[in-house]
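# Structural description and commentary
Each chain, written out:
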Amino acid sequence: MEQLGGTDAELWDRCIQGEAEALGGLFDRYADAVFRYCLSRTGSWQDAEDLVSITFLEAWRQRSRLVLERDSLLPWLLGVATNSARNRARSVRRHEQFLRRLPHAAVEADPSSAIAARVDAENLVKDLLDGATNLTGGERDALLLCAVNGCSYVEAAEALQVRVGTIRSRVNRAKKKLRAAAAVSPLLRLEQNNPVESRQS
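All of these numbers come straight from a predicted model, not from anything done at the bench.

What counts as what
- Residues numbered from 1 in each chain as written.
- Predicted model: local features only at pLDDT ≥ 70, side-chain atom pairs only at ≥ 80, totals over all residues.
- Heavy atoms only, no water.
- Core = buried A, V, L, I, M, F, W, Y, C linked by side-chain atoms within 4.5 Å.
- Buried < 20%, exposed > 50% of the residue type's maximum accessible area, 1.4 Å probe, protein only.
- Helix = DSSP H or I, 4+ residues; strand = E, 2+ residues; numbered from the N terminus.
- Contact = heavy atoms within 4.5 Å.
- Phe/Tyr/Trp six-rings, centres within 6.5 Å; stacked < 30°, edge-to-face > 60°.
- Lys NZ or Arg CZ within 6 Å of the ring centre and 35° of its normal.
- pLDDT = per-residue confidence, 0-100.
- Salt bridge = Lys/Arg side-chain N within 4 Å of Asp/Glu carboxyl O.
- Axes fitted to C-alpha atoms, helices over the stretch in contact; angles between N-to-C directions.
- Parallel < 35°, antiparallel > 145°, perpendicular 65-115°, else oblique.
- Left-handed = near helix turned anticlockwise from the far one by under 90°.
- Arc of directions from axis to C-beta.

So, about the nonpolar core. Val34, Phe56, Leu73, Leu77, Leu78, Leu145 and Ile167 are the most contacted members of the largest nonpolar core, which totals 41 residues. Of all the secondary structure elements, the ones that give two or more residues to this core are α1 (8-16), α2 (20-42), α3 (45-61), α4 (74-100), α6 (137-148), α7 (153-160) and α8 (164-180). For Leu145, the contacting residues outside a window of four places in its chain are Tyr37, Leu78, Gly150, Cys151, Ala156, Ala159 and Leu160.

Structure below.
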């Protein structure tokens, strides 16, 4: 589908009027960014794809209630993705707890896991998540938004609905913890490609 022009506000106004094609234009514009963020949160290609669908479905459901206050819809979409990922994680934990109470059965391997690009991407993200085990939930979310996904502190604050100073503090604490754990190398590579610090003024 050819990408629709116009500002986010213009496309969102068309969404409010019930024009599904306008939501498709916003999807074309931001689906990749939302996917990268979801992948960095979950470490799973399939889960990230599912969360992208959930995020844009929620955008369509809430179109009559959301008033777009900024030039970009992306911070709001990332906030929806954050909440959706948390809800999904809770559901997965409940499901795993249920399964542990059942007799074990053999499970066939996912044939798509043999795709090299997917495995490499998931392993890279898993390395980062493994290094972030000592972070609080808020620190982890702020780190993934800013250092991994290139959001400014202002965008991250809007996505997580906290103050900009809170995001700044969480990112700084997260970086210190990762350095102390000697697990910062994947993060440093990502930061070199997405220099957040210069965007915060």
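Taken as a whole, this structure holds three aromatic pairs when the rule is applied. Residues Phe35 and Trp45 carry aromatic rings whose centres are separated by 5.1 Å and whose planes lie at 65 degrees to one another, so their mutual orientation is edge-to-face. With a gap of 10 residues between them, Phe35 in helix α2 and Trp45 in helix α3 connect regions that are remote in the sequence. What makes Trp45 partly exposed here is its relative accessible area of 27%. Of note, Arg63 hangs over the ring of Trp60, and the distance from its end group to the ring centre comes to 3.9 Å.

Residues at a pLDDT of 70 or more form 66% of the protein, whose mean pLDDT is 77. Across residues 183-199 the pLDDT falls below 50, and counting only partners more than four positions away or on other chains, this stretch makes 31 contacts in the model.

Our focus in this paragraph is the pattern of salt bridges. If you walk through the whole model with that rule in mind, you get seven salt bridges. The closest approach of N and O atoms between Asp141 and Arg41, which form a salt bridge, is 2.2 Å. Of this pair, Asp141 sits in helix α6 while Arg41 sits in helix α2, placing them 100 residues apart in sequence. As far as the burial class goes, Asp141 and Arg41 line up, both buried. One salt bridge connects Glu58 with Arg61, and the closest N-O pair in it is separated by 2.5 Å. Placement of the pair is Glu58 and Arg61 together in helix α3, with a separation of three residues, close to one helical turn.

With that out of the way, let us pick up unusual backbone geometry. What you tend to see is this: most non-glycine residues have negative phi, and most peptide bonds are trans. Here Gln161, not a glycine, exhibits a phi torsion of approximately 60 degrees, which is positive. Structurally, Gln161 can be placed in the loop between α7 and α8. On the basis of relative accessibility, which here comes to 72%, the residue Gln161 falls in the exposed class.

Closest axis-to-axis distance for the α2/α3 pair is 8 Å, and the angle between their directions is 140 degrees. Judged by the angle between their axes, α2 and α3 are oblique. Along this stretch, α2 crosses α3, giving a crossing that reads as right-handed. Along its contact with α2, which presents Ala20, Leu23, Leu26, Phe27, Tyr30, Ala31, Val34, Phe35, Cys38, Leu39 and Thr42, the element α3 presents Trp45, Asp47, Ala48, Glu49, Leu51, Val52, Thr55, Phe56, Ala59 and Trp60.

A few words on α1. Of the positions making up α1, those classed as buried are Asp8, Leu11, Trp12 and Cys15. For α1, the buried positions fall inside an angular range of 100 degrees around the axis, keeping them on one side. Of the surrounding elements, those touching the buried residues of α1 are α2 and α3. Looking one or two places after α1, you find Gly18, whose phi comes out positive at around 90 degrees.

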